[in-house]
Amino acid sequence: MKYISTRGQSPALSFSEILLGGLAPDGGLYMPEAYPHFDDADLNAMRGMNYRDLAFTILSRLIDDIPASDLRTIVDKTYRAEVYAYARDEQSAEDITPTLKLEDNLYLLSLSNGPTLAFKDIAMQLLGNLFEYVLAKEGQETNILGATSGDTGSAAEYAMRGKKGVRVFMLSPHKKMSRFQTAQMFSLQDENIFNIAINGVFDDCQDIVKAVSNDLAFKAQSKIGAVNSINWARVVAQVVYYFKGYFAVTKTNAEQVSFSVPSGNFGNVCAGHVARMMGLPIKKLLVATNENDVLDEFFRTGIYRPRGSANTYHTSSPSMDISKASNFERFVFDLVGRNTEKVRQLWSKVDVGGAFDLNEEGYFDKVAGYGFISGSSNHANRMQTIRNTFDHYGVTIDTHTADGLKVALEHREADVPMLVLETALPAKFEEAIVEALGQNPERPASLHGLDALPQRFEVMEADIDSIKQYITQHIR
Ligand SMILES: *Cc1c(COP(=O)(O)O)cnc(C)c1O
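Cut-off values and rules
Residues numbered from 1 in each chain as written. Predicted model: local features only at pLDDT ≥ 70, side-chain atom pairs only at ≥ 80, totals over all residues. Heavy atoms only, no water. Buried < 20%, exposed > 50% of the residue type's maximum accessible area, 1.4 Å probe, protein only. Helix = DSSP H or I, 4+ residues; strand = E, 2+ residues; numbered from the N terminus. Arc of directions from axis to C-beta. Contact = heavy atoms within 4.5 Å. Polar contact = N/O pair within 3.5 Å; in protein donor to acceptor, adjacent residues only side chain to side chain. Pairing = 2+ DSSP bridges. Axes fitted to C-alpha atoms, helices over the stretch in contact; angles between N-to-C directions. Phe/Tyr/Trp six-rings, centres within 6.5 Å; stacked < 30°, edge-to-face > 60°. Lys NZ or Arg CZ within 6 Å of the ring centre and 35° of its normal. Core = buried A, V, L, I, M, F, W, Y, C linked by side-chain atoms within 4.5 Å.

> In this structure, what is going on with helix 15 (residues 340-350)? I would like to understand it.
Because each turn of an α-helix spans 3.6 residues, side chains separated by three or four positions end up pointing in the same direction. Here helix 15 has its buried residues at Lys342, Val343, Leu346, Trp347 and Val350. With its buried residues spanning 120° around the axis, helix 15 presents them on a single face. In the core, the buried residues of helix 15 are packed alongside strand 11 (303-304), helix 14 (328-335) and strand 12 (356-357). The N-terminus of helix 15 is capped by Asn339, whose side-chain oxygen sits 3.1 Å from the backbone nitrogen of Glu341.

Structure representation (structure tokens):
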């Protein structure tokens, strides 16, 4: 299995070769040259599998340059019940991504029982173990530089802590993350984790990461790497839980299900698209956005019009406050029949702040054939959905999951099970829950003392050279 760029001007590479990188050299995203296919007999064999067996079965079709026994070890180490300790009960922890039935044909697919209480752990934990394995094999090391407004940074740090050959330098806006997120990240005492609180906003952090990555000499010399949302291995890891969720709520492969996915960078729902292309009987993939509705606009109109960071709203589902969906190019690549010249032409507009309209050559008519539909929600919808879910089912959901559920309820079809991807636990967003329900969400017992733990971080100015200097000093 080789991986090719959506822009068609980079050489095809193997999985391990693209694992540590980000964008392809031509600015595109890596995609498998062809999707592996699971037929009816395969699906029958997979139906009874536990998460680890399922993950191994799927990953081994997409990764052919890691020996099977090594891949098996990595998967078994990653998807252990102990790592998913915030699950309701032992069986749910063992299931890694358990389903919770709300009513007939309506379920939550719980993805947030990992160390940082958000779905990003599922992929990031695998990435941590894959990085350690590949780096050790090649006698290499990497220094991950990232910017976070909360969820990504903590998932990356909890996945990479203590990993040999990996250091993490994570920039976050000083005093702008939630109390919980700050405590979660800054309380890590591992020597390979460096928290840098920047005097500025999230965009300042991101600009520094971009500037440092664009300094190719520094990047090579300091072995700068990334774990951002376009990393193909993250998408692959997320494919697994679509299968797990499907098998959990169906009895035969003749049944179809739909998924509703709280979306920002299009990474999570892109994994759903890949699962569908691999033969999973998915009827609809609902792209649920918040007020930052660039993706909803596309799926309603065929026009993709990313907005600048100045036009990004700060909402109560902050991990979806994204106005340029970095994985969207992967879907468009398939939609235009993998015509790389077309992709280059479309993104030549996007890359300079423009928009494109896929009605023009009839491409938009094909979107429905891929199962995609969309919807959006706002703060009032979110609060109402959290209240209704609590009142009707006695279940507290977080704000992102509420966006997913709101859209799911608008697009439900009779007799088609709908799984709403639960992307964070409510404990992560206490203030919003208090606003909706007048009470704090339950916090897992082991996290009660989190705010009181000693914190380890460095406050720095938003200055590119001082960050470079800091990195240089800490990687010897
Ligand atoms: C990152 C995140 C999302 C958005 O996922 P994408 O893959 O960027 O679409 C949704 N909800 C939560 C809680 C997140 O952390």
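> It is not clear to me how the sheet that holds strand 7 (residues 193-199) should be interpreted in this structure. Could you clarify?
One key point about sheets: their strands pair by backbone hydrogen bonds, in either a parallel or an antiparallel sense. Read across the sheet, five strands follow the order 8-5-6-7-15 without closing on themselves; strand pairing throughout is parallel. The strands lining the two open edges of the sheet, one partner per strand, are strand 8 (224-225) and strand 15 (458-461). Summarising the sheet, strand 7 and strand 15 pair through four bridges and their orientation is parallel. Looking at strand 15, one finds that Ala197 is bridged to Val459. Running over the sheet, helix 7 (residues 151-160) touches strand 5 (142-147), strand 6 (166-173) and strand 7 and is turned about 160° from strand 6.

> Explain the sheet that holds strand 10 (residues 282-289) to me, please; I cannot follow it from the model alone.
Spatial strand order, 3-4-14-9-10-13: six strands in an open sheet with mixed pairing. Two strands bound the open sheet, and with one partner strand each, they are strand 3 (99-103) and strand 13 (372-376). For this sheet the average axis-to-axis angle between neighbouring strands, irrespective of direction, equals 25°. Two strands pair when backbone bridges link them, and strand 9 (residues 257-262) and strand 10 are joined in this way by five bridges, in the parallel orientation. Counted as the bridge partner of Phe259 is Leu285 from strand 10. Each of strand 3, strand 4 (106-110), strand 9, strand 10 and strand 14 (418-422) is contacted by helix 11 (residues 232-249), which is oriented at about 135° to strand 9, the strand it contacts most.

> Sorry, what's going on with the packing of aromatic side chains here?
Two descriptors summarise a pair of aromatic rings, namely the distance from one centre to the other and the angle between the planes of the rings. Under the definition given, this model contains 30 aromatic pairs. Their ring planes at 25° and their centres at 5.5 Å tell us that Tyr241 and Tyr242 sit as a pair that is stacked. Under the relative-accessibility criterion, Tyr241 is labelled buried at 0%. Of the residues examined, Tyr242 reaches a relative accessible area of 0% and is grouped as buried. Seen in terms of ring centroids, Tyr304 and Trp347 are 6.2 Å apart; in terms of plane orientation they differ by 45°. Their pairing is tilted. Taken together, the positions of Tyr304 in strand 11 and Trp347 in helix 15 put the pair 43 residues apart, joining distant regions of the chain. Feature note: the residues Phe266, Phe298, Phe299, Tyr304, Phe328, Phe331, Trp347, Phe356, Phe364, Tyr370 and Phe372 constitute an aromatic cluster, connected by ring pairs. Lying over the aromatic face of Phe218, Lys468 brings its terminal NZ or CZ to 5.6 Å of the ring centre.

> Would you mind showing me how to read the nonpolar core here?
Taken as a class, soluble globular proteins show a tendency for nonpolar side chains to be buried jointly. With 109 residues, the main nonpolar core has Tyr242, Phe243, Phe266 and Phe328 as its most contacted residues. Sorting elements by how many residues they give to this core places helix 11 first, with 13 residues. Grouped together as the second largest cluster of nonpolar side chains are 19 residues, Leu286, Leu405, Ala432 and Leu437 included.

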